[in-house]
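Chain by chain, the residues run as shown.
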Amino acid sequence: RKEVEQDPGPFNVPEGATVAFNCTYSNSASQSFFWYRQDCRKEPKLLMSVYSSGNEDGRFTAQLNRASQYISLLIRDSKLSDSATYLCVVTQGGGADGLTFGKGTHLIIQP
Amino acid sequence: GAGVSQTPSNKVTEKGKYVELRCDPISGHTALYWYRQSLGQGPEFLIYFQGTGAADDSGLPNDRFFAVRPEGSVSTLKIQRTERGDSAVYLCASSPGPADTQYFGPGTRLTVL
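The rules we used
Residues numbered from 1 in each chain as written. Chains lettered and ligands numbered in written order. Predicted model: local features only at pLDDT ≥ 70, side-chain atom pairs only at ≥ 80, totals over all residues. Heavy atoms only, no water. Pairing = 2+ DSSP bridges. Helix = DSSP H or I, 4+ residues; strand = E, 2+ residues; numbered from the N terminus. Salt bridge = Lys/Arg side-chain N within 4 Å of Asp/Glu carboxyl O. Buried < 20%, exposed > 50% of the residue type's maximum accessible area, 1.4 Å probe, protein only. Core = buried A, V, L, I, M, F, W, Y, C linked by side-chain atoms within 4.5 Å. Contact = heavy atoms within 4.5 Å. Buried area = accessible area lost by both parts, 1.4 Å probe. Polar contact = N/O pair within 3.5 Å; in protein donor to acceptor, adjacent residues only side chain to side chain. Nonpolar A, V, L, I, M, F, W, Y, C, P; charged D, E, K, R; others polar. Axes fitted to C-alpha atoms, helices over the stretch in contact; angles between N-to-C directions. pLDDT = per-residue confidence, 0-100. Disulfide = S-S within 2.5 Å.

**A word on the pairing of strand E5 (residues 45-49) of chain A**
- In terms of strand pairing, strand E4 (residues 32-38) of chain A meets E5(A) through 4 bridges, oriented antiparallel. Paired with A:Phe34 across the strands is A:Ser49, a residue of E5(A).

**Things to note about the pattern of salt bridges**
Residues and elements named next belong to chain B.
- Across all of its chains, the model carries 8 salt bridges over all chains by this definition.
- Notably, a salt bridge pairs Glu44 with Arg36, separated by 3.6 Å at the nearest N-O pair.
- Accessibility expressed as a relative area gives 11% for Arg36, which makes it buried.
- What you see here is one network of salt bridges that share partners, running through Arg64, Glu83 and Asp86.

**Notes on the nonpolar core**
Residue and element names in this part refer to chain A.
- By size, the foremost hydrophobic cluster in this structure holds 22 residues, and its most contacted members are Phe21, Trp35, Ile71, Leu73, Ile75, Tyr86 and Leu107.
- Those elements giving two or more residues to this core turn out to be strand E3 (19-25), E4, strand E7 (60-65), strand E8 (70-75), strand E9 (84-91) and strand E11 (105-110).
- Residues contacting Leu107, with those up to four places away along its chain left out, are Phe11, Val13, Val19, Phe21, Ile75, Asp82, Ser83, Ala84 and Tyr86.

**Comments concerning the interface of chain A and chain B**
- The interface is formed by 15 residues belonging to chain A together with 18 residues belonging to chain B.
- Both sides together, the interface formed by chain A and chain B hides about 1300 Å², and carbon and sulfur atoms give 57% of it.
- Applying the counting criterion to the chain A and chain B interface returns 0 salt bridges.
- Linking chain A to chain B there are 3 residue pairs in polar contact (both at pLDDT 80 or more).
- Going through the elements one at a time, E4 and strand E10 (99-101) of chain A are the ones with two or more residues in the side of chain A that touches chain B.
- Looking at side-chain class alone, the side of chain A that touches chain B contains 7 nonpolar, 4 polar and 4 charged residues.

**A look at the sheet that holds E3(A)**
All names here are of chain A.
- The 5 strands are arranged E1-E3-E8-E7-E6 in an open sheet whose pairing can be described as antiparallel. Pairing within the sheet leaves two strands with one partner each, and these edge strands are strand E1 (4-6) and strand E6 (55-57). Neighbour-to-neighbour, the strand axes of the sheet open up by a mean angle of 20°, direction not taken into account.
- Note that E3 and E8 share 6 bridges and pair antiparallel. By the bridge assignment for E8, Cys23 is matched with Ile71.

**Observations concerning the confidence of the model for chain A**
- Considering every residue of chain A, the mean pLDDT works out to 92; 95% of them sit at 70 or more.
- Per-element confidence in chain A ranges from a low mean pLDDT of 92 for E10(A) to a high of 97 for E11(A).

**A closer look at the sheet that holds strand E1 (residues 5-7) of chain B**
Residue and element names in this part refer to chain B.
- An order of E1-E3-E8-E7 is seen for the 4 strands of this open sheet, with the pairing classed as antiparallel. Pairing within the sheet leaves two strands with one partner each, and these edge strands are E1 and strand E7 (65-68). On average, each strand axis in the sheet is tilted by 15° relative to the strand beside it, whichever way the strands run.

**Description of the side chain of B:Gln37**
- Relative to the helices and strands, B:Gln37 is located in strand E4 (residues 31-37).
- A distance of 2.9 Å separates the side chain of B:Gln37 from the backbone oxygen of B:Gln41, its partner in a polar contact.

**A short note on the state of the cysteines**
- Here the structure, examined in full by the defined rule, presents 2 disulfides over all chains.
- At a sulfur-sulfur separation of 1.8 Å, the disulfide partner of A:Cys23 is A:Cys88. Of the two residues, A:Cys23 is situated in strand E3 and A:Cys88 in strand E9; the sequence distance between them amounts to 65 residues. For the pair A:Cys23 and A:Cys88, a shared accessibility class is recorded, and that class is buried.
- Disulfide pairing places B:Cys23 opposite B:Cys92 at an S-S distance of 1.9 Å. Every disulfide takes its handedness from the sign of the S-S torsion; for B:Cys23 and B:Cys92 that torsion is -65°, giving left-handed. Note that B:Cys23 is positioned in strand E3 (residues 19-24) and B:Cys92 in strand E9 (residues 88-95), a separation of 69 residues in sequence.
- Among the residues examined, B:Cys92 registers a relative accessible area of 0% and is labelled buried.

Structure (structure tokens):
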């Protein structure tokens, strides 16, 4: 079983719409959770960390459900520039360790 | 300041050859990570350095892969007897310290013919 599962999409969404996607992780001992954004042929960049209490950054809201082991990302009022691949990421340990990435969800915002 | 840099940006080699990929982390970052990303996949962890030592090399796929960071700054990922399946983008990331946010370099696209 893959450690981090995401729907690869693509999600085709009209500009201005709200879009949400989730990912699930298999290791209940996972400690830290993130969403990264990756543009075509570019490196991943941190979008936001994810906390159980939920956190918001502008049009983006992330939520962690530890009991169900899933992480969500909500994008409101989507912009053309939001088109990218969104990678769900977890770390396994409490200290420093490598990031475990999902395959990514491909989002296309259409004018 | 300058971000993580990686050289070369592209590398084409023949099956069986040896390659070296270089990563220059952000100045002052003590933690350095190597990942490999195949087409349509998320990045896959290879190895993590804290300072000069490899703190976790559990992601290296086999003994053809080796990485060093002799002075605690620049790191080199070395691949011996390359195979076509090694073709991927090799990403390097650094962070100020353990468990801090990782910043990725642009990657080296390796193609093994």
